[in-house]
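# Remarks on the overall topology
What follows is the residue order along each chain.
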Amino acid sequence: MISVSDLVANKRIPSNYFATDVYVRSDLELGLLENRRNDRLLAMPEPLLKAIYSGLDKETGQAARLVLYNCGRWWGKNFYARFSEEVSDYYETPLAEMKMLDFLQCLQQCWKTHGWGKIDLDKNYIGQGFLIVKTWNAPFASHSPKLGVPVCFLDAGVFSSFFSQLSGKDLYCVQISCESLGAECNDFVLGLEKRLSPIEPLVENGESQDRIMEKLLQN
């Protein structure tokens, strides 16, 4: 229970920093979107998302996947820096020292407010060295071409970089299920690259998520 003396000393109770109604600010006359720190935000319409895939496919072919993954890693590095700075400043606690529940709530609200859908973490395999990131209503899954394989290459790059910096380890990321293929959500596995490499052919061959995880845990 919060005491009156605490309220007087702290002068404020931190609220939901990423709440959409206070985090996103718009200027209709100038056509600008900004966050509560006056940093510029970018709205990506559906035609642009589709054009990213089609343009990269024409220019780079199969390499488009690697291009998107590497773009995601660059984006994830910057996303982590901004997220860490904003959260640490607002809650007056270094990100590395936050309770897991508080960190997860911030990440979930941030992901939602930026229009990336819903996100959650499955920590059931932490003991085996793997973290599962689950997302729903992912923009790239919704607007990508049907490739017969999971298509959220950029998201995978983001998670690889973000959680590498958070954990202090160089983590790799492989998507094993995708909404574009009819799955209920998008599942991404994070771990060391040498341990994840054996499951990539299974993903390419369209193996089930259960089979992929079975292979992964066997290794």
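Residues numbered from 1 in each chain as written. Predicted model: local features only at pLDDT ≥ 70, side-chain atom pairs only at ≥ 80, totals over all residues. Heavy atoms only, no water.

For the rest of this paragraph, the subject is the packing of aromatic side chains. Applying the stated rule across the entire model yields 21 aromatic pairs. Considering the side-chain rings of Tyr90 and Tyr91, the 4.8 Å spacing of their centres and the 90° angle between planes classify their relative orientation as edge-to-face. Its relative accessible area of 15% is what places Tyr90 among the buried residues. Centre to centre, the rings of Phe159 and Phe163 are 6.5 Å apart; their planes meet at 50°, and the pair counts as tilted. Pair noted here: Phe159 and Phe163 are both in helix H7 (residues 153–167), with a separation of four residues, about one helical turn. Here Phe159 and Phe163 have matching classes, each one buried. The ring of Trp136 is capped by Lys118, whose NZ or CZ atom sits 4.8 Å from the centre of that ring. (Phe/Tyr/Trp six-rings, centres within 6.5 Å; stacked < 30°, edge-to-face > 60°. Buried < 20%, exposed > 50% of the residue type's maximum accessible area, 1.4 Å probe, protein only. Helix = DSSP H or I, 4+ residues; strand = E, 2+ residues; numbered from the N terminus. Lys NZ or Arg CZ within 6 Å of the ring centre and 35° of its normal.)

Turning our attention to the environment of Glu214. Residue placement: Glu214 occurs in helix H10 (residues 209–218). When its relative accessible area of 43% is taken as the criterion, Glu214 is described as partly exposed. Residues Glu214 and Pro139, spaced 75 residues apart in sequence, show a C-alpha to C-alpha distance of 29 Å.

In spatial order, the strands read S4-S5-S7-S6; together these four strands make up an open sheet with antiparallel pairing. A single partner strand is all that each edge strand has here, and the edge strands are strand S4 (118–122) and strand S6 (172–177). On average, adjacent strands in this sheet sit at an angle of 25° to one another, irrespective of strand direction. Bridge count for S6 against strand S7 (residues 186–191) is five bridges, and the pairing is antiparallel. Residue pairing in the sheet places Tyr172 in a bridge with Gly191 of S7. Seen against the sheet, helix H5 (residues 100–113) touches S4 and strand S5 (131–136) and runs at an angle of roughly 150° to S4. (Pairing = 2+ DSSP bridges. Axes fitted to C-alpha atoms, helices over the stretch in contact; angles between N-to-C directions. Contact = heavy atoms within 4.5 Å.)

Scanning the entire structure with this criterion turns up six salt bridges. Notably, a salt bridge pairs Arg37 with Asp89, separated by 3.7 Å at the nearest N-O pair. Of the two residues, Arg37 sits in the loop between strand S2 (32–34) and strand S3 (40–41) while Asp89 sits in helix H4 (residues 64–91), which places them 52 residues apart along the sequence. Under the relative-accessibility criterion, Arg37 is labelled partly exposed at 32%. (Salt bridge = Lys/Arg side-chain N within 4 Å of Asp/Glu carboxyl O.)

With that settled, consider the UniProt feature "domain: 4-vinyl reductase 4VR" (unreviewed entry) in the chain. UniProt tags residues 131–192 as "domain: 4-vinyl reductase 4VR" (unreviewed entry). Helix makes up 32% of residues 131–192 and strand 29%, and the two end C-alpha atoms of the span are 11 Å apart. (UniProt positions renumbered as here; feature names shortened; annotations may be inferred.)

One can find Glu184 in the loop between S6 and S7. Here Glu184 falls in the exposed class, since its relative accessible area comes to 75%. Separated by 47 residues in sequence, Glu184 and Asn137 place their C-alpha atoms 9.4 Å apart. Setting aside residues no more than four positions away along its own chain, Glu184 makes contact with Trp136 and Glu179.

Close contact between H4 and H5 brings their axes to 12 Å; oriented N to C, the two are set at 120°. Taken together, H4 and H5 sit at an angle that is classed as oblique. Judged by the sense of rotation from one axis to the other, the crossing of H4 with H5 is right-handed. Packed against H4, whose contacting residues are Phe79, Phe83, Val87 and Tyr91, the element H5 presents Phe103, Cys106, Leu107, Cys110 and Trp111 at the interface. (Parallel < 35°, antiparallel > 145°, perpendicular 65-115°, else oblique. Left-handed = near helix turned anticlockwise from the far one by under 90°.)

Another point: the packing of H4 against H7. Where H4 contacts H7, the axes come no closer than 6 Å and their chain directions differ by 40°. One way to sum up the angle between H4 and H7 is to call them oblique. The hand of the H4/H7 crossing is right-handed. Residue-level contacts link Arg65, Leu68, Tyr69, Cys71, Gly72, Arg73, Trp75, Gly76, Lys77, Phe79, Tyr80 and Phe83 of H4 to Phe153, Leu154, Ala156, Gly157, Val158, Ser160, Ser161, Phe162, Gln165 and Leu166 of H7. Here the contact of H4 with H7 is built from residues that sort into 13 nonpolar, six polar and three charged. (Nonpolar A, V, L, I, M, F, W, Y, C, P; charged D, E, K, R; others polar.)

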